[in-house]
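Descriptive structure summary
So you can see what is in the structure, the chains are spelled out below.
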Amino acid sequence: MLLFVGLGNPGAKYAHNRHNIGFMAVDEIARRHGFAPWRRRFQGETSEGTLDHEKVVLLRPMTFMNESGRAVQEAANFFKLGAGEIIVFQDELELPPAKVRVKVGGGIAGHNGLRSVSAHIGNDYRRVRLGIGHPGVKELVHGYVLSDFTKSDRPWVEALCAAVADNAGLLASGKDSTFQNKVHLAMQAKGFFDKDSGGAA
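One structure accompanies this document, and this report is about it. (Residues numbered from 1 in each chain as written. Predicted model: local features only at pLDDT ≥ 70, side-chain atom pairs only at ≥ 80, totals over all residues. Heavy atoms only, no water.)

The subject of this paragraph is the overall build of the chain. Within the chain, the secondary structure is distributed over 7 helices and 7 strands. Going from N to C terminus, the chain has its helices and strands arranged as β-α-β-β-β-α-β-β-α-β-α-α-α-α. Whereas a compact globule of 201 residues would reach a radius of gyration of roughly 17 Å, the chain reaches 16 Å, a difference of no more than 12%. With respect to the three principal axes, the spread of C-alpha positions in the chain is 45 × 40 × 30 Å. Across the 201 residues in the chain, those meeting the buried criterion constitute 54%. Across the chain, every contact between residues at least 6 apart in sequence was considered, and the portion connecting residues at least 24 apart equals 66%. Per element, the accessible surface of the chain, about 9100 Å² overall, is 51% carbon and sulfur. (Helix = DSSP H or I, 4+ residues; strand = E, 2+ residues; numbered from the N terminus. Rg over C-alpha atoms; globule rule 2.2 N^0.38 Å. Buried < 20%, exposed > 50% of the residue type's maximum accessible area, 1.4 Å probe, protein only. Contact = heavy atoms within 4.5 Å. Areas by Shrake-Rupley, 256 points an atom, 1.4 Å probe, with all protein chains shown as cover.)

Here it is, written out as structure tokens:
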């Protein structure tokens, strides 16, 4: 059994923020794979289903980003899951828009959601890093991540969430690099990357 955690802030005000792409990704997984309706529990909302014969619980913490770890720890304790069975979907400033990388552990690069999760369950969980690009200077980061995606961003955001959802079974079965490549190829096929932009390495 696995726990897929989408990071974001609760409420309509934040729904389309760059910081909320983690929520968007798990929403799309639930929709495309016919998961059960969302319900309130663990200081968040959960939806249950199956990916590649693996039972998966999706979790959207409703505690605000900087307290996300409370909901993750509560769910992990309930289901008796270790950090290795938890996958966190997060916005990533250090990746160009629409790029995806999967990694285990590592730094938190100032991400308050990851800081909270690591504080509660340790650092050895998998992260699906969803690139949103960087505003260029550190002082602009806060406003940038809490701003909505622009109208011109929406096509790649929707395509990325769809590609992540379509290939989520690969994550469930531990095929992280295959997942990464398939998402990249799906985005490339839709014209979001040049053919020579260098695979998903």
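Next comes the rest of the write-up.
Glancing now at the layout of surface pockets. Computed from the structure, the largest pocket encloses a volume of approximately 490 Å³. Along its surface, the largest pocket is lined by 25 residues, and His19, Gly110, His111, Asn112 and Val145 are the ones closest to its centre. Contributions of two or more residues to the lining of the largest pocket are made by strand S5 (86-92), helix H3 (112-121), strand S7 (126-131) and helix H4 (141-145). Looking at the second largest pocket, its volume works out to about 360 Å³. Residue lining of the second largest pocket: 18 residues in total, with Ala15, His16, Met24, Asp27 and Val157 positioned closest to the centre. Of all the elements, helix H5 (residues 154-166) adds the most residues to the lining of the second largest pocket, at 5 residues. Of the residues contributing to the lining of the second largest pocket, the split by class is 9 nonpolar, 4 polar and 5 charged. (1 Å grid on protein atoms, 1.4 Å probe; cavity = no way out; pocket = protein on both sides within 12 Å on 5 of 7 lines; lining within 4 Å. Points joined across faces, edges and corners; volume = space filled by probe spheres on them. Nonpolar A, V, L, I, M, F, W, Y, C, P; charged D, E, K, R; others polar.)

Of all 6 residues that make up S7, 6 are buried, and the element is covered over most of its length. Residues Arg126, Val128 and Leu130 line one face of S7 and the alternating positions Arg127, Arg129 and Gly131 line the opposite face, and both faces are buried. With 6 bridges joining them, S5 and S7 adopt parallel strand pairing. The residue of S7 that forms the bridge with Asp91 is Leu130. When strand S6 (residues 100-104) meets S7, the two strands line up antiparallel, connected through 5 bridges. Paired with Val104 across the two strands is Arg126, which belongs to S7. (Pairing = 2+ DSSP bridges.)

So, on to the side chain of His111. Take His111: it is sitting in the loop between S6 and H3. Here the side chain of His111 touches Asp91 through a polar contact of 2.8 Å, side chain to side chain. Filtering out sequence-adjacent residues up to four positions away, His111 remains in contact with Leu7, His19, Met65, Gln90 and Asp91. (Polar contact = N/O pair within 3.5 Å; in protein donor to acceptor, adjacent residues only side chain to side chain.)

What follows covers the pattern of salt bridges. Enumeration over the complete set of coordinates arrives at 11 salt bridges. For Arg31, the salt bridge identified is with Glu28, shortest N-O distance 2.6 Å. In this pair, Arg31 and Glu28 both sit in helix H1 (residues 21-32), 3 residues apart, roughly one turn of the helix. In this structure Arg31 comes out as exposed when scored by relative accessible area, which is 59%. Classification of Glu28 as buried rests on a relative accessible area of 13%. The partner of Arg129 in a salt bridge is Glu92, with the nearest N and O atoms 3.0 Å apart. One end of the pair, Arg129, is in strand S7; the other, Glu92, is in strand S5, with 37 residues separating them in the sequence. Each member of the pair, Arg129 together with Glu92, is buried. (Salt bridge = Lys/Arg side-chain N within 4 Å of Asp/Glu carboxyl O.)

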